[in-house]
Amino acid sequence: LLAPFAKSVLHATGDEFGWIETAFSSGIILGSVVVPFLKNKIGFSTVGYLCISGSGITIAWFALNQQIYTAYFIYGLLGFCLSIWALVMSESQKITALDFQGRTQAVFNTISSIGIVAIYLLVNAFSFELPIQDFFYVAAVIMFFNVFLLWRFSSYKLSEEELSVV
């Protein structure tokens, strides 16, 4: 989604597009250090709420933005928020039997890849009818749906019996 948005909305040059990607990667690097620290201080669910909500907000904000320099900041913030993915994978491994961790990782990666391919297919199918910003709004809605899922299931704890079956 970034490339068509950068070209058609931000009117970004190749260098500016590269800087947006650099800001995103820098956000991920910073988040991969700070988010685990925050998890230890305020808990996984709270950090999850903050990062996933932050992702939804920054995605929607990015869609509204038309300034290249603001795009650097927003996309860096998005990278920071999306660094929660590594923490989610680590937490899922804690409740997964060692024999199933590879399969669990493969399922997470497969679902993620299917989602990405589906989004690109939708962009390809509807890009002539919808502005590219609308796809960012859909992504923001998906993030807020994930906040709902976290809220719904964060208080659920597996029993020792359920953990032994997993």
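For the structure, see preceding data.
Below is a short write-up of the structure. Just so you know, these numbers come straight off a predicted model, no measurement behind them.

Digging into the packing of aromatic side chains
Scanning the entire structure with this criterion turns up 10 aromatic pairs. Between Trp-85 and Phe-108, the aromatic rings sit 6.0 Å apart at their centres with planes inclined by 85°, giving edge-to-face as the arrangement. Note that Trp-85 is positioned in helix α5 (residues 84–94) and Phe-108 in helix α6 (residues 101–126), a separation of 23 residues in sequence. The exposure class assigned to Trp-85 is partly exposed, which follows from its relative accessible area of 39%. Phe-108 gets classed as partly exposed once you look at its relative accessible area, which sits at 26%. In textbook terms, an aromatic cluster arises when at least three aromatic residues are bridged by ring pairs, as seen for Phe-5, Phe-24, Phe-62, Tyr-75 and Phe-136.

Regarding the layout of surface pockets
Roughly 2,200 Å³ of internal volume is contained in the largest pocket. For the largest pocket, the lining is made up of 48 residues, of which Ile-52, Trp-85, Val-88, Phe-108 and Asn-146 are closest to its centre. Sorting the residues of the lining of the largest pocket by element identifies α2 (14–42), α3 (44–64), α4 (68–82), α5, α6 and α7 (132–153) as the ones contributing at least two each. The element contributing the most residues to the lining of the largest pocket is α6, with 11 residues. For the lining of the largest pocket, the per-class residue count stands at 34 nonpolar, 11 polar and 3 charged.

A word on α2
With 29 residues, α2 extends 40 Å from end C-alpha to end C-alpha; this agrees with the ideal 42 Å at 1.5 Å per step. Helix geometry: α2 is bent most strongly at Gly-31, by close to 35°. For α2, the full list of buried residues reads Ile-20, Ala-23, Phe-24, Gly-27, Gly-31, Val-35 and Lys-39. Once α2 finishes, Gly-43 follows within two positions and takes phi at roughly 100°, a positive value.

Description of α7
Here α7 spans 32 Å end to end across 22 residues, near enough to the 32 Å set by a 1.5 Å rise per residue. Turning to α7, its buried residues are Ile-132, Gln-133, Phe-135, Phe-136, Ala-139, Ala-140, Met-143, Val-147 and Leu-150. Each buried residue of α7 lies within a common arc of 160° when the element is viewed along its axis, so the set occupies one face. In the core, the buried residues of α7 are packed alongside α1 (2–8), α3, α4 and α6.

Here's the deal with the nonpolar core
One finds Leu-10, Ile-20, Phe-62, Ile-132 and Phe-136 to be the most contacted residues of the largest nonpolar core, which totals 35 residues. Of all elements in the fold, only α1, α2, α3, α4, α5 and α7 reach the threshold of two or more residues within this core. Considering every element that reaches this core, the biggest residue donor is α7, with 8 residues. Filtering out sequence-adjacent residues up to four positions away, Phe-62 remains in contact with Leu-2, Phe-5, Leu-10, Ala-71, Ile-74, Tyr-75 and Phe-136.

Reading the values: rules and limits
Think of each chain on its own: its residues are numbered from 1, step by step along the sequence as written. Side-chain atom pairs in this predicted model are given and counted only at pLDDT of 80 or more, local residue features only at pLDDT of at least 70, and totals for whole chains, interfaces and linings cover all residues. To get the side-chain values, take all heavy atoms of the structure and skip hydrogens and water. Any pair of Phe, Tyr and Trp rings, taking the six-membered ring for Trp, is counted once the centres come within 6.5 Å. Such a pair is stacked with planes under 30 degrees apart, edge-to-face with planes over 60 apart, and tilted for the rest. Under the DSSP-based scheme used, a helix requires at least four consecutive residues in state H or I and a strand at least two consecutive residues in state E, with every element numbered from the N terminus. Partly exposed residues are those whose accessible area sits between 20% and 50% of the maximum for their type, while under 20% is buried and over 50% is exposed, using a 1.4 Å probe and protein chains only. Computed over the protein atoms alone on a 1 Å grid, cavities are sets of points where a 1.4 Å probe fits but cannot get out and pockets are open sets with protein on both sides within 12 Å along at least five of seven lines; a residue lines them when it has an atom within 4 Å of a point. Grid points are joined across faces, edges and corners, and a volume is the space filled by probe spheres set on the points. Amino acids are sorted into nonpolar (Ala, Val, Leu, Ile, Met, Phe, Trp, Tyr, Cys and Pro), charged (Asp, Glu, Lys and Arg) and polar (every other residue, Gly among them). A helix is expected to span 1.5 Å for every residue after the first. Note that the bend at a residue is defined as the angle between axes fitted to the seven residues ending at it and the seven residues starting at it. Think of it as the arc spanned by the lines of direction from the helix axis to the C-beta atoms. Whether two residues are in contact is decided by their heavy atoms, any of which lying within 4.5 Å being enough. What makes a nonpolar core is a set of buried Ala, Val, Leu, Ile, Met, Phe, Trp, Tyr and Cys residues whose side-chain atoms join them at distances within 4.5 Å.

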